[in-house]
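# Descriptive structure summary
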Amino acid sequence: MVKKKACVFISGSGTNLRSIIKNSRDYNFPINISLVVSNNKYAKGIFYARKFSIPYICINSNRLEFEKIILNQLVKKKIKLICLAGFMKILSKNFIRNFKGKIINIHPSLLPKYKGLNTFQRVLKSNEKLTGCTVHFVNEKLDGGKIILKKKVNISDQDNIKTLKKKVQFEEYIAYSSAIRKIYN
Ligand code: GRF
């Protein structure tokens, strides 16, 4: 099986990156991570790129400059899929159009509910009994693209931001790779 070349964009701890890299080692997994991009040189996730010998770039400049450099690299490396995993920069409409249908993201809620930031806080404040995560295509609307896959998580009365985040992220690691498999099936 010829694997498609993919890139993961991160800004922080990179635990989703770690899980995608691990799954990508599977012979039947449809993609190979050929590049990791971070907009933050202190992102912990860069450690996983190093650990698994994956080329990475850190670019801490304005959006225009960032996207220019990245676009160049993506074309050069023949990247066919961009996975956003805790990437905190908003991509320009132009960049998204250039990669239409080729950028996916993971969001820690059951979209279309709780788009945007501070999801766990808002979910708990609203006394929800159920939340989860969503993998979706990225379009020009924030957390608004076509949904690929969702995974549910039950919320107990004892849950707080920390415990809920842990539970949701556990499901994220499964969801992200399942979504990638689903795209290419
Ligand atoms: C994840 O919870 C994801 O849903 C959100 O950002 C977080 C990234 O975590 N978009 P990590 O960097 O993969 O550990």
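Relevant structure appears above.
Small disclaimer: the values here were computed from a predicted structure and weren't measured. (Residues numbered from 1 in each chain as written. Predicted model: local features only at pLDDT ≥ 70, side-chain atom pairs only at ≥ 80, totals over all residues. Heavy atoms only, no water.)

## Some points on helix H1 (residues 15-24)
Most of H1 is tucked away, with seven of its ten residues classed as buried. For H1, the complete set of buried residues consists of Thr15, Asn16, Leu17, Ser19, Ile20, Ile21 and Ser24. Residues of H1 that are buried in the fold lie against strand S1 (4-10), strand S2 (31-38), helix H2 (46-51), strand S4 (81-84), strand S5 (103-107) and helix H6 (161-184). (Buried < 20%, exposed > 50% of the residue type's maximum accessible area, 1.4 Å probe, protein only. Helix = DSSP H or I, 4+ residues; strand = E, 2+ residues; numbered from the N terminus. Contact = heavy atoms within 4.5 Å.)

## Considering the side chain of Glu171
If you trace the backbone, Glu171 turns up in helix H6. Take Glu171: its relative accessible area is 17%, and that puts it in the buried class. Contact partners of Glu171, with chain neighbours within four places excluded, come to Cys133, Lys151, Lys152 and Val153.

## Here's the deal with the site of the ligand
In the neighbourhood of the ligand, the contacting residues comprise Ser13, Gly14, Thr15, Asn16, Gly86, Ile106, His107, Pro108, Gln169 and Glu172. At a separation of 2.8 Å, an oxygen atom of the ligand approaches a polar backbone atom of Asn16. Here an oxygen atom of the ligand sits 3.5 Å away from a polar atom, N or O, in the main chain of Pro108. Within the complex, the protein chains bury 86% of what would otherwise be the 360 Å² of accessible surface of the ligand. Looking at the shell around the ligand, its residues break down into two nonpolar, seven polar and one charged. (Near = heavy atom within 4 Å. Polar contact = N/O pair within 3.5 Å; in protein donor to acceptor, adjacent residues only side chain to side chain. Areas by Shrake-Rupley, 256 points an atom, 1.4 Å probe, with all protein chains shown as cover. Nonpolar A, V, L, I, M, F, W, Y, C, P; charged D, E, K, R; others polar.)

## Quick word on the pairing of S4
Here S4 shows no split at all, with Leu81 and Cys83 on one side and Ile82 and Leu84 on the other all buried. As paired elements, S4 and S5 share three bridges and run parallel to each other. Each residue of the ladder has a partner; that of Leu84, found in S5, is Asn105. The parallel pair S4 and S5 is bridged by helix H4 (residues 93-98), and the resulting crossover is right-handed. (Pairing = 2+ DSSP bridges. Right-handed = clockwise from strand over helix to strand, strands pointing away.)

## Some details on the packing of H1 against H6
If you want to describe how two helices pack, look at the angle between their axes and the distance between the axes. Between H1 and H6, whose axes approach to 9 Å, the crossing angle comes to 45 degrees. In terms of orientation, H1 and H6 fall into the oblique class. Here the hand of the crossing between H1 and H6 comes out right-handed. The residues of H6 that touch H1, namely those facing Thr15, Asn16, Arg18, Ser19, Ile20 and Asn23, are Gln169, Glu172, Tyr173, Tyr176, Ser177 and Ile180. Of the residues assigned to the contact of H1 with H6, the class counts are four nonpolar, six polar and two charged. (Axes fitted to C-alpha atoms, helices over the stretch in contact; angles between N-to-C directions. Parallel < 35°, antiparallel > 145°, perpendicular 65-115°, else oblique. Left-handed = near helix turned anticlockwise from the far one by under 90°.)

## Remarks on a positive patch on the surface
Taken together, the side chains of Lys4, Lys5, Lys78, Lys80 and Lys102 make up a positively charged region of the molecular surface. Assignment of secondary structure puts Lys102 in the loop between H4 and S5. Here Lys102 falls in the partly exposed class, since its relative accessible area comes to 36%. (Patch = residues over 30% accessible without salt bridge, like charges linked within 9 Å, V, L, I, M, F, W, Y side chains within 5 Å. Salt bridge = Lys/Arg side-chain N within 4 Å of Asp/Glu carboxyl O. Lys, Arg positive; Asp, Glu negative; His and termini not counted. Charge placed at Lys NZ, Arg CZ, Asp CG, Glu CD.)

## Some remarks on the nonpolar core
Counting residues in each nonpolar core, the largest one holds 36 residues, and the members touching the most others are Ile31, Ile33, Cys83 and Tyr176. Among the elements that make up this core, the one with the highest residue count is H6 (six residues). Contact partners of Tyr176, with chain neighbours within four places excluded, come to Asn16, Ile20, Cys83, Leu84, Ala85, Ile104, Asn105, Ile106 and Val135. Counting 19 residues, the second-largest nonpolar core is a separate cluster that includes Phe87, Leu91, Ile103 and Val138. (Core = buried A, V, L, I, M, F, W, Y, C linked by side-chain atoms within 4.5 Å.)

## Describing the pattern of salt bridges
Side chains bearing opposite charge may pair, as long as their charged atoms lie close to each other. Enumeration over the complete set of coordinates arrives at six salt bridges. Between Glu171 and Lys151 there is a salt bridge; the shortest N-O distance is 3.4 Å. Within this pair, whereas Glu171 is found in helix H6, its partner Lys151 is found in strand S7 (residues 147-154), the two being separated by 20 residues in sequence. Here Asp159 makes a salt bridge to Lys167, at a shortest N to O gap of 2.4 Å. According to the relative accessible area criterion, Asp159 is buried, its value standing at 13%. A relative accessible area of 29% places Lys167 in the partly exposed class.

So yeah, pure geometry; function would need other evidence.
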